[in-house]
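Observations on the three-dimensional arrangement
Listed here are the chains, written in short residue letters.
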Amino acid sequence: AKEAGRNGIHFYDESMDARARSRLALEYEIRRGLENGEFEAFYQPRVDCFTGEIVGAEALARWRHPERGLLFPDSFIPACEESGLIRELDRQILAQVARQLACWQGQGRILQVSVNLSASQFADPELSSVLQQILQQSGCPAASIELEITESLLLAHDQHTLETLASLQAMGFAIAIDDFGTGYSNLAYLQNYPLNTLKIDRSFISGLPQRSAIPELITSLCRILKLAMVAEGVETHAQLDWLRQQGCQQYQGYLCSRPLSLRHFNELLEYSTAP
Ligand code: C2E
Ligand code: CA
Ligand code: CA
Ligand code: CA
């Protein structure tokens, strides 16, 4: 190994398997894509369960790849997370969303958009200053943005997490727990941290109305803790009916719409509020 190691390049080439090489190529492409503005926010409507009104959206990243067309998160988020490029991706999506929210407000449309925040973005000491800059450049009020984080971030009861959440809320952002119920069953954090919304994971909604024990539990939890509740992945009227009966305020899902490009989301907004 020492012999081969003398010629660094040769040694490196031989020991790298095909998978690692294609991962590197993907990272390189993502980096280039981020520089060229190829990533864009799609918007999935967030709907009032009772009125059917579109009250906001979740921003979901898509990659308009110059050769391979429109790519979904499963093909680039893991590589972004491994390489640390996820922070730049999240920053770009947030900036697009903030600009768009300011634009809608100019048109008199009041919407709230939630954005996914990766674990590494959440842990980044520069998070507050990045967010502050985005707000300043866009003129978007923080209250129009909800930051979605996953349960796993909250399991360690450390001071840093508490301070980060408190400072985000002090800036005016709403905080949502994404995929609620799929993490470990340590509920203590719900009392310990400042939170606004629980998003019930699609895996629980898909069993409704038959398998309802966990959704029922989560609905009571939200009521007792005074948290807003959003049901994810609602696909049928029977699921929506069940959620209404339980008093769940908002849902997302194919029943209303898939995530849409900005143009198509705007068309849906026009159409759903047309006289
Ligand atoms: P997520 O945050 O849990 O987003 C919900 C996913 O469920 C989205 O997949 C959405 O298209 C899909 N979905 C929504 N309604 C339905 C439904 O009724 N039925 C079914 N079968 N699926 C539904 P998508 O867009 O492929 O995103 C996958 C994941 O990638 C997201 O899961 C999120 O964890 C991550 N992601 C997406 N965009 C970003 C981003 O900008 N930053 C970060 N850090 N992560 C992102
Ligand atoms: Ca999410
Ligand atoms: Ca989710
Ligand atoms: Ca998810």
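Structure: above.
Residues numbered from 1 in each chain as written. Chains lettered and ligands numbered in written order. Predicted model: local features only at pLDDT ≥ 70, side-chain atom pairs only at ≥ 80, totals over all residues. Heavy atoms only, no water.

Quick look at the coordination of the calcium ion (ligand 3) now. Each pair of donors in an ideal octahedron of six around a metal sits at 90 or 180 degrees, and each pair in an ideal tetrahedron of four sits at 109.5 degrees. Only Asp178 (OD), Asp179 (OD), Glu232 (OE) and Glu232 (OE) from the protein coordinate the calcium ion (ligand 3), and they sit 2.2 to 2.4 Å from it. Spacing between the donor residues of the calcium ion (ligand 3) along the chain follows D-D-x52-E. In this structure the calcium ion (ligand 2) is found 3.8 Å away from the calcium ion (ligand 3), and Asp178 serves as a bridging donor for the pair. What makes Asp178 buried here is its relative accessible area of 8%. Given the relative accessible area of 26%, Asp179 is considered partly exposed. (Donors = N, O, S within 2.8 Å, 3.2 Å for Na, K, Ca; no water. Buried < 20%, exposed > 50% of the residue type's maximum accessible area, 1.4 Å probe, protein only.)

Of the protein atoms, only Asp179 (OD) and Asp179 (OD) coordinate the calcium ion (ligand 4), at distances of 2.6 to 3.0 Å. Between the two metals, the calcium ion (ligand 4) and the calcium ion (ligand 2), the spacing is 5.7 Å. Among the secondary structure elements, Asp179 is positioned in strand β6 (residues 174–180). (Helix = DSSP H or I, 4+ residues; strand = E, 2+ residues; numbered from the N terminus.)

A rise of 1.5 Å per residue sets the reference length of helix α8 (residues 159–171), with its 13 residues, at 18 Å; its end C-alpha atoms lie 18 Å apart and thus fit the reference within 8%. Buried within α8 are the following residues: Thr161, Thr164, Leu165 and Leu168. For α8, the angular spread of the buried residues around the axis is 95°, confining them to a single face. Phi turns positive one or two residues past the end of α8, at Gly172, with a value near 115°. (Expected span 1.5 Å × (residues − 1). Arc of directions from axis to C-beta.)

The next subject is the packing of aromatic side chains. Counted by the stated rule, this structure contains six aromatic pairs. With a centroid separation of 4.8 Å and 25° between ring planes, the pair formed by Phe39 and Trp63 is classed as stacked. Taken together, the positions of Phe39 in strand β1 (residues 39–48) and Trp63 in strand β2 (residues 54–65) put the pair 24 residues apart, joining distant regions of the chain. Pair check on accessibility: Phe39 and Trp63 agree, each one buried. Relative to Phe265, the ring of Tyr43 has its centre 5.5 Å away and its plane inclined at 25°; by these criteria the two rings are stacked. (Phe/Tyr/Trp six-rings, centres within 6.5 Å; stacked < 30°, edge-to-face > 60°.)

Once that is clear, we can look at the environment of Phe204. Locating Phe204 in the fold gives a position in helix α10 (residues 202–205). A relative accessible area of 16% places Phe204 in the buried class.

With that settled, the discussion passes to the pairing of β2. Burial analysis of β2 places 10 of its 12 residues in the buried class, the great majority of the element. Taken together, the nine bridges between β1 and β2 define a ladder with antiparallel strand orientation. Each residue of the ladder has a partner; that of Glu40, found in β2, is Arg62. The antiparallel hairpin formed by β1 and β2 contains five residues in its connecting segment, where Gly52 sits at a positive phi of about 80°. Where β2 lies against strand β4 (residues 112–116), four bridges are found, and the strand directions are parallel. Looking at β4, one finds that Glu58 is bridged to Ser114. Hairpin geometry of β2 and strand β3 (residues 69–71) is characterised by an intervening segment of three residues between the two adjacent antiparallel strands. (Pairing = 2+ DSSP bridges.)

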